[in-house]
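Here is how the chains run, residue by residue.
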Amino acid sequence: MSDKEFTRMMEGNEAAAWGAKLSRAEVVPAYPITPQTELISNIATLIAEGKMKTEYIMVEGEHTAMAAAVGASAAGARVFTASSSQGVAFMDEPLWIPPGRRLPIVMCYVNRTMAPLGGLRPDHNDSMHQRDKGWILLYCENSQEVLDTIIQAYKIAENPEIYLPVGVCYDGYFVSATATPTTVPDQAQVDEWLPSYTHEWYSLMPDSHKMPAPKSFLEMRMGVAEAHEKAKKVIKDVDAEFKKQFGRGYGGIIEEYNCEDAEAVIVTMDSMTGTARDVIDEMREEGKKIGLIKLKCFRPFPSEEFKKIAKKYKAIGVVDRNNSFGSAGGGIVAIELSRALYDAPDKPLIVDFHVGLSGTDVTMNQIRYIADETLEAAKTGKVKHVVDWVESHDLGEVM
Amino acid sequence: MINEIFDQHYKDAKIQGGSTCCPGCGGPLFWKIALQVLGANTIVYGDGPCAMCALRNIKVPHYGIHFSFVADGATGINAALRAKGREDVTLISSAGDGATADISFGKISAAAERNENMIQICVDNEAYMNTGIQKSGLTPYGAWTTTTPSGKTDNKKDIPMIIAAHKVPYVATASVAYPIDLKRKLEKAMSIKGFKFIHTIIPCPTGWRFDPAKAVEVTKLGVDSWVTPLYEVEEGVLKVSRKAEAKPVNEYLTAQGRFRRLSEEQIAYIQSEVDDKRDDLMAQDGKKIIH
């Protein structure tokens, strides 16, 4: 098997496995859960075929998967793991450890709805639930972006200024099981770009043991907060460097699409962004001044970027594929964005939309409705509903 | 001269003074003995339980999280050691009785199934002592705790035999009251590749209710009365380590306040259980018991 670059149709989970392989993850503790399963079975296949060399451990549950990831990372190994939904929830306790311990673990969150009544299909509550723990969270739109983001994630996580775990999130099925053309880069080129990992602060090995503990809990927490601030620049720089080397970039932490002269924009994440691009293109042709912002990086939240561009628009429509029940108003992204813009001059109106919950299709009709409502708010200066549950409206034929 | 001898002693010791453990706790005693055998090229994983307060004082690399994390992080460390080609390092995973028998029971079972190359130690002081004496799956029948004020009505899990049934290469019970036997078992565990399990009873004067000065004495009575017998199971073959005549369990039970409400019938029940266990062990001594 040659390690040379090749391009073919590939599902998101297979692309993620290639991402872990190309990053030369040394330890992969794994436990299966739909829709993450094909990711870890693809890794097992890559190992069985002799294409990937890693210590692969089939553990007995997600709690152990993350605990083993912590142990391996503390002992100096580059670690990869993945989970979804209830599995992420079962992992909740160990997921608190890597940020405070500053362990650069990379994990895929293959997004899936939480119970009860949840299906197997995606919404974002499983990964957004991690927002307070200190993980960097990046959301991907297709297979290629998943593969590239995993490689980028190690470079971000292992930066001594950062030393934080990174979650690479993508929708179950819509990304995990949908094949899109994907280029797998040359291993040698990745090796050159992503050097092998050594933690500058820690070593658990008896002959080089060092493990400085923060002086206080406050110092530890402030350290994580500071690293998140620094990460905003590092994520952008890493994306730019990646683009220079591999020819593909993702705009760093947010991507503005067709935002030129727009009166209003909608904010999307993950796989629905592809649908939204088409709708925005159509509406532009119709002369509507609407644009799209893809929120790639949810943690750290790109407050400064939004503040910078906010005055250009009269209204922002946020598409929240999650719930935060009893919140100050709407879904998680809308709440975050409202805080980010609170002290901005000439701030736009914020309209929040719940759509695609539990993996229901986010249709072109729905995106068009969201864009129209946001344009309407821009025109009238009024927000009709703090939260609009889009699926409760009859929007006619699905398309 | 005297000062120099002391200085050298503390320099060589793998455990430093100033432990936060209660007086008479068997924890520091266990680690002092164990680390004399294990040496400096050791990583210890585990944290939380009371009897492991002593781990804060050990001088070898130590990584611990919480008592719901047993053998799991050590599994990761083990994988990292393999990835780095560092199989010279001795890996210890340690847990208290509540972690071993209750909250992390499945984790130890899974590590045993995977035959992880580590020595799993159960530091058993027979209750959740750190939170203030609450019953665990390893609290013995009849013992008072704050959650069993009239004495525990259920039996203690037979953890060493449960682990042995996983067909791991080595399982042993050991006691700080018999340090030579304890050291020999650790040495043997170090010489074997795969999952090794050592179950050690740690005296707890605070929770067992006895004079801290008598910690070793009480623990020794536990072994001598066969309440906590010493044996090993190597490659499925049972070997009883101490075959002395059994002292009456009453001597062990009355030495501790936690058993003071036992009725004569209860004591007779405990004696008959212990006798049966002793007969079983002696009958199977030298035989393959795990197939």
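Thresholds, definitions, all that
- Residues numbered from 1 in each chain as written.
- Chains lettered and ligands numbered in written order.
- Predicted model: local features only at pLDDT ≥ 70, side-chain atom pairs only at ≥ 80, totals over all residues.
- Helix = DSSP H or I, 4+ residues; strand = E, 2+ residues; numbered from the N terminus.
- Rg over C-alpha atoms; globule rule 2.2 N^0.38 Å.
- Buried ≥ 20, exposed ≤ 12 C-beta atoms within 10 Å, placed from the backbone.
- Contact = placed C-beta atoms within 7 Å.
- Pairing = 2+ DSSP bridges.
- Axes fitted to C-alpha atoms, helices over the stretch in contact; angles between N-to-C directions.
- Nonpolar A, V, L, I, M, F, W, Y, C, P; charged D, E, K, R; others polar.
- Parallel < 35°, antiparallel > 145°, perpendicular 65-115°, else oblique.
- Left-handed = near helix turned anticlockwise from the far one by under 90°.

1. With respect to the overall build of chain A
Next up, step 1: Tallying secondary structure elements over chain A gives 14 helices and 15 strands in all.
Next up, step 2: Over its C-alpha trace chain A gives a radius of gyration of 21 Å, about what one expects of a compact globule, namely 21 Å for 399 residues.
Next up, step 3: Principal-axis analysis of the C-alpha atoms gives chain A an extent of 70 × 50 × 45 Å.
Next up, step 4: In chain A, which comprises 399 residues, the share counted as buried stands at 55%.
Next up, step 5: Intrachain contacts of chain A at a sequence separation of at least 6 include 80% that bridge at least 24 residues.

2. Side note on the sheet that holds strand β6 (residues 136-139) of chain A
Residues and elements named next belong to chain A.
Next up, step 1: On the basis of which strands lie adjacent, the open sheet formed by five strands has the order β4-β5-β7-β6-β12 and mixed pairing. Two strands in the sheet have a free side with no partner beyond their single neighbour: β4 (80-83) and β12 (297-299). Across the sheet, the mean angle separating the axes of adjacent strands is 25° when strand polarity is ignored.
Next up, step 2: Note that β6 and strand β7 (residues 166-171) share four bridges and pair parallel. The residue of β7 that forms the bridge with Leu138 is Val168.

3. Details of the interface of chain B and chain A
Next up, step 1: Contacts between chain B and chain A engage 28 residues on the former and 25 residues on the latter.
Next up, step 2: For the side of chain B that touches chain A, the secondary structure elements donating two or more residues are β1 (42-45), α3 (72-83) and α5 (105-113) of chain B.
Next up, step 3: Residue contributions to the side of chain B that touches chain A peak at eleven residues, all from α3 of chain B.
Next up, step 4: Residue classes in the side of chain B that touches chain A are distributed as 16 nonpolar, seven polar and five charged.

4. Brief notes about the packing of helix α11 (residues 272-285) of chain A against helix α14 (residues 364-380) of chain A
Residues and elements named next belong to chain A.
Next up, step 1: For the pair α11 and α14, interaxial distance at closest approach is 9 Å and the crossing angle is 60°. The angle between the axes of α11 and α14 places the two elements in the oblique class. Considering the relative orientation of α11 and α14, their crossing is right-handed. Where α11 approaches α14, its residues Thr275, Ala276, Asp278, Val279 and Met283 are matched on the opposing element by Met364, Ile367, Arg368 and Ala371.
Next up, step 2: Of the residues that constitute the contact of α11 with α14, the class distribution is six nonpolar, one polar and two charged.

5. As for the sheet that holds strand β11 (residues 290-295) of chain A
Residue and element names in this part refer to chain A.
Next up, step 1: An order of β9-β11-β10-β13-β14-β15 is seen for the six strands of this open sheet, with the pairing classed as mixed. Two strands in the sheet have a free side with no partner beyond their single neighbour: β9 (254-257) and β15 (387-389). Taking each pair of neighbouring strands and ignoring which way they run, the sheet shows an average axis angle of 25°.
Next up, step 2: In terms of strand pairing, β9 meets β11 through four bridges, oriented antiparallel. The residue bridging Ile254 from the neighbouring strand is Leu295, located in β11.
Next up, step 3: Together, β10 (264-268), β11, β13 (315-320), β14 (349-354) and β15 form the strand contacts of α14, whose direction differs from that of β13 by roughly 150°.

6. Looking at unusual backbone geometry
All names here are of chain A.
Next up, step 1: With an omega of 0°, the peptide bond running from Thr34 to Pro35 counts as cis.
Next up, step 2: Looking at the secondary structure, you find Pro35 in the loop between β2 (27-30) and α2 (37-48).
Next up, step 3: Residue Pro300 is bonded to the preceding Arg299 through a cis peptide linkage, with omega at -5°.
Next up, step 4: As for its placement among the helices and strands, Pro300 is situated in the loop between β12 and α12 (303-310).

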